[in-house]
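Coordinate inspection notes
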Amino acid sequence: MDMQKRPQQPPQPQHPEGCLVVAIRIPVRIFVFLVVLPVRLLWDAFTATARFLWRYLLAPLGRAIGRILHALLVVPLIWLYRYLLTPLGHALLWLHARVLTPIGHALVWLHARVLTPIGHAVVWLLTPVARAVEWVFRMLGTALYWTVRVLLVLPALALWRWILAPSGRLLGIVLREIGEALGHAWRAAGYVARAAGRVLGTLFRWIFLEPARRVYRTVLTPVGHLVRDLVLHPVAEAARAIGRAVRQARADLRRALFGEPRRPAPVERREPGGRDTRTLDG
């Protein structure tokens, strides 16, 4: 008895398919990766667009259509059930209880007293003919079975066993490898798409946003302040001074043409105590 435990050997990788699987796997995965990458990019864009459309267009439209259908279909159907179908059902029940049930009992009596004896007599007469016809059909069925078996079934079994089954196994290996390659390529394409999106966003920020922010902060803002202080404020002050001068000149011209404006004459008003006060009209 061996008292020392021997170290277990690591399991060796098994390749039941052999060199054929390895020879098919690498080219198939490379080709599928190149095909799936643009498909994955298009799929990401399509899913983002679909989520946007569902959230802001299709879901509100569906709720509106649901309310419209409830108003146009459900409410009329409830009215139809309550005021038409329910009275009609009661009328049909009355017809069944008062008319159809007596007619049914009469037909049961007719079946039991008249038709059943006639049926038994017909069966007794036709039983030998039915057995003869059954024997003929049984013989024809046996001959047809062996003919189909020899001409169709046995060649089909040989074709399946020696041609279709091996081809199917080989095709299954190829399809399985293609499926695995598609899965790997789809996941890798997702990683590549996300990395490409991050790289493009970073490049856009470095190439456009950061230079634009720096130009705005270091060039446009000081230039704007300089233009405001040296140009806009003096121009505004000059415009206000010109406006005041124009208004003054217009007032002087009006006084020169029409004279000073007439002041209202004082009006004497006598208070109840006899005191006179002079006020101006207006």
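Residues numbered from 1 in each chain as written. Predicted model: local features only at pLDDT ≥ 70, side-chain atom pairs only at ≥ 80, totals over all residues. Heavy atoms only, no water.

**Things to note about the overall build of the chain**
In plain terms, the rule: Put simply, DSSP marks the helices as runs of H or I at least four residues long and the strands as runs of E at least two long, and each gets a number from the N terminus on. Accessible area is worked out with a 1.4 Å probe on protein chains only. A residue is then buried under 20% of its type maximum, exposed over 50%, and partly exposed in between. In what follows, a contact means two residues having at least one pair of non-hydrogen atoms within 4.5 Å.
Summing up its helical and strand segments, the chain has one helix and two strands in all. Across the chain, helices and strands are ordered from the amino to the carboxyl terminus as α-β-β. Relative to its full complement of 282 residues, the chain shows a buried share of 6%. Long-range contacts, defined here as pairs at least 24 residues apart, represent 57% of the contacts in the chain between residues at least 6 apart.

**Considerations on the packing of aromatic side chains**
Formally: The aromatic pairing rule takes the rings of Phe, Tyr and Trp, using the six-membered ring of Trp, and pairs them if the centres are within 6.5 Å, calling planes under 30 degrees apart stacked, those over 60 edge-to-face and the rest tilted.
One pass over the full model with this rule turns up six aromatic pairs. Aromatic side chains Trp-79 and Tyr-83 sit 5.7 Å apart centroid to centroid with 40° between the ring planes, which places their arrangement in the tilted category. Remark: Tyr-83 and Trp-79 occur in helix 1 (residues 19–258); sequence separation between them is four residues, near one turn of the helix. These aromatic residues form a ring-pair network of at least three members: Trp-43, Phe-46 and Trp-186.

**Remarks on the confidence of the model for the chain**
Counted only if it meets this: Per-residue confidence from the predictor is reported as pLDDT, which spans 0 to 100.
Summarising the model, the chain shows a mean pLDDT of 80, and 84% of its residues fall at 70 or more. Summarising per-element confidence for the chain, the mean pLDDT is lowest in strand 2 (residues 276–280) (48) and highest in helix 1 (85). Low confidence marks residues 1–7, where pLDDT is under 50. Its contacts with residues over four positions away, or in another chain, come to zero contacts. Counting interchain partners and residues more than four positions distant, the pLDDT-below-50 stretch residues 10–15 has zero contacts.

**Section: a positive patch on the surface**
Note the following rule: Residues forming no salt bridge and having over 30% relative accessible area are the ones grouped into patches, like charges within 9 Å of each other and nonpolar side chains (Val, Leu, Ile, Met, Phe, Trp, Tyr) within 5 Å. To measure how exposed things are, a 1.4 Å probe is used in the Shrake-Rupley method; for residues, cover is taken only from the protein chains shown. The rule for a salt bridge is simple: a side-chain nitrogen of Lys or Arg has to be within 4 Å of a carboxyl oxygen of Asp or Glu. Positive: Lys, Arg. Negative: Asp, Glu. His and the chain ends are not part of the count. Charge positions come from single atoms, namely NZ of Lys, CZ of Arg, CG of Asp or CD of Glu.
Judged by side-chain charge, Arg-244, Arg-247, Arg-250 and Arg-254 come together as a positively charged surface patch. Its place among the elements puts Arg-250 in helix 1.

**Focus on the environment of Thr-218**
Just so we agree on the cut-off: Here a polar contact means two N or O atoms within 3.5 Å. Within protein one must be a hydrogen donor candidate and the other an acceptor candidate, and residues neighboring in sequence count only if both atoms are side-chain atoms.
Mapped onto the elements, Thr-218 comes out in helix 1. Within the local environment of Thr-218, its side chain forms a polar contact with the backbone oxygen of Arg-214, the two atoms lying 2.5 Å apart.

**Some thoughts on the pattern of salt bridges**
Applying the stated criterion to the full structure yields six salt bridges. Residue Arg-40 is joined to Asp-44 by a salt bridge in which the shortest nitrogen-to-oxygen separation is 3.1 Å. Of the two residues, Arg-40 and Asp-44 both sit in helix 1, four residues apart, roughly one turn of that helix.

**Some points on the side chain of Arg-40**
Overall, the relative accessible area of 13% leaves Arg-40 in the buried class. Contacts of Arg-40, omitting those with residues within four sequence positions, involve Trp-186, Ala-189, Gly-190 and Arg-194.

**Quick notes on the side chain of Thr-47**
Position of Thr-47 among the secondary structure elements: in helix 1. A distance of 2.7 Å separates a polar atom in the side chain of Thr-47 from the backbone oxygen of Asp-44.

**Focus: the environment of Arg-194**
Looking at the element boundaries, Arg-194 is found in helix 1. Arg-194 sits in the partly exposed class, given a relative accessible area of 42%. Remark: the alpha-carbon pair of Arg-194 and Asp-44, spanning 150 residues in sequence, is separated by 9.7 Å.

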